[in-house]
Amino acid sequence: MTCAPLAPLLAIVLASVSPTPAPTSTPSSYPTISVSVGDRQITMMDIILFEQGLYSQATPKIQQVQKRPTEMPPGSPYVSYQGRDAGPPEIETIWESTATRNPNLSDAALKKVGEELVAAMALALMDAGRAGPTLQAIYANTPSDRASRLALGDTIAQAFVTASDQGAAYAASEAAWIREHLVPGTSRDAAYEMLRSKNLVAYNFDYIKAIGQPEKFLPSGESLGSACDLQTNRTTGNWPYRNEPLPNWEGACAGIPRAAFTPEPDAHVMLWGAFSVMPICGCRTEVTITFDAQDRVNAVHVDKPRCPCV
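Residues numbered from 1 in each chain as written. Predicted model: local features only at pLDDT ≥ 70, side-chain atom pairs only at ≥ 80, totals over all residues. Heavy atoms only, no water.

Draft legend 1. Spotlight on the confidence of the model for the protein. When pLDDT is averaged along the protein, the result is 88; 89% of the residues meet or exceed 70. Element-level mean pLDDT values for the protein span from 36 in helix α1 (residues 11–15) up to 98 in strand β10 (residues 297–302). Here residues 2–25 is a poorly scored stretch, pLDDT under 50, and it has 61 contacts once near neighbours within four places are set aside; other chains count. (pLDDT = per-residue confidence, 0-100. Helix = DSSP H or I, 4+ residues; strand = E, 2+ residues; numbered from the N terminus. Contact = heavy atoms within 4.5 Å.)

What follows is the structure, encoded as structure tokens:
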């Protein structure tokens with residue numbers, strides 16, 4: 001997948017200190033992947049735990065050191081993990097070549113930059129003991145010499161690429177399955193049963209019972225404004241049904257645009273696809289199912305994948 005440019009390389013990564021925000025829409029299950037590092041299987045949850053460790057407040061300070069291309073070690077022309085100083089303070093050091101800031105890097109070079117960055121950050125995170133139980137167990141069973149550890153980082157980076165490719169294939173396959181099976185004339189109940197058989201979730205954003213939060217103030221009295229909470233009750237938008245009344249959105253939620261009431265509300269299915277962890281991006285394919293006046297499937301529309309990055 002293609003994400004935002006990586007230069008300045010670590011600024012994107014180190015500026016963020018929280019995991020990926022939960023989407024307002026309700027996701028279906030994460031894709032099942034078949035990826036291994038050594039003799040251990042890696043799941044999507046292992047990757048999510050890696051991301052949480054990476055963007056957690058508890059993650060140690062990662063020191064970025066700029067190096068000329070001639071100073072970079074063989075085999076890592078762009079990014080290289082250099083080790084951990086237990087401190088205090090605890091510091092993980094990563095070297096970054098100034099070549100990463102070249103705006104004319106080829107696609108192949110950008111791919112290499114991304115893989116080396118993931119490998120270096122994986123080693124830094126595992127050195128700090130915050131990469132999640134599966135990756136930490138793999139790290140503990142890896143010889144401690146530098147060559148073995150660097151090889152492990154490269155293997156993890158490649159495993160993440162493979163998992164992303166499998167995620168993209170999953171989303172495309174599920175979208176094709178929906179289009180094949182939810183044919184025009186299928187009743188809403190039958191369509192939902194078919195989706196449930198695939199562990200997929202139909203939802204409609206407009207039917208979430210949003211919570212208008214009160215205005216907040218700083219100690220100085222300055223207003224921070226009010227907010228609309230669409231997360232707490234987001235599952236109330238699941239499985240929209242015929243003649244379902246639109247919930248009343250009040251306060252800060254009242255100004256958020258949404259569709260007018262219709263007796264046969266659309267249903268949407270969000271499919272997770274390709275992703276990257278450096279920077280953190282996730283592709284989602286949105287499938288929209290419309291219904292006719294008899295509440296039967298009218299059409300199925302599959303959007304192109306959208307890949308927002310944090």
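Draft legend 2. Structural context of the side chain of D206. Relative to the assigned elements, D206 resides in the loop between α6 (188–197) and β6 (211–217). With no salt bridge to any partner, buried D206 finds its closest opposite charge in R258, at an N-O distance of 5.6 Å. Here the side chain of D206 touches A259 through a polar contact of 3.4 Å, landing on its backbone nitrogen. Dropping the residues within four chain positions of it, D206 is found in contact with L246, P247, W249, R258 and A259. (Buried < 20%, exposed > 50% of the residue type's maximum accessible area, 1.4 Å probe, protein only. Lys, Arg positive; Asp, Glu negative; His and termini not counted. Salt bridge = Lys/Arg side-chain N within 4 Å of Asp/Glu carboxyl O. Polar contact = N/O pair within 3.5 Å; in protein donor to acceptor, adjacent residues only side chain to side chain.)

Draft legend 3. Spatial organisation of the sheet that holds strand β5 (residues 91–97). The strand order across the open sheet formed by 3 strands is β3-β5-β4, and the pairing between neighbours is mixed. Each having just a single partner strand, β3 (61–67) and β4 (79–85) make up the two edges of the open sheet. Sheet twist, expressed as the mean angle between neighbouring strand axes with direction ignored, is 25 degrees. The strands touched by helix α3 (residues 107–127) are β3, β4 and β5; relative to β4, the strand with the most contacts, the crossing angle is about 10 degrees. (Pairing = 2+ DSSP bridges. Axes fitted to C-alpha atoms, helices over the stretch in contact; angles between N-to-C directions.)

Draft legend 4. Looking closely at the packing of helix α4 (residues 133–140) against helix α5 (residues 146–181). The N-to-C vectors of α4 and α5 enclose an angle of 150 degrees; their axes lie 11 Å apart at closest approach. The orientation of α4 relative to α5 falls into the category roughly antiparallel. The two elements α4 and α5 cross, and the hand of that crossing is right-handed. Along its contact with α4, which presents L135, I138 and Y139, the element α5 presents R149, L152, I156 and F160. By residue class, the composition of the contact of α4 with α5 is 6 nonpolar, no polar and 1 charged. (Parallel < 35°, antiparallel > 145°, perpendicular 65-115°, else oblique. Left-handed = near helix turned anticlockwise from the far one by under 90°. Nonpolar A, V, L, I, M, F, W, Y, C, P; charged D, E, K, R; others polar.)

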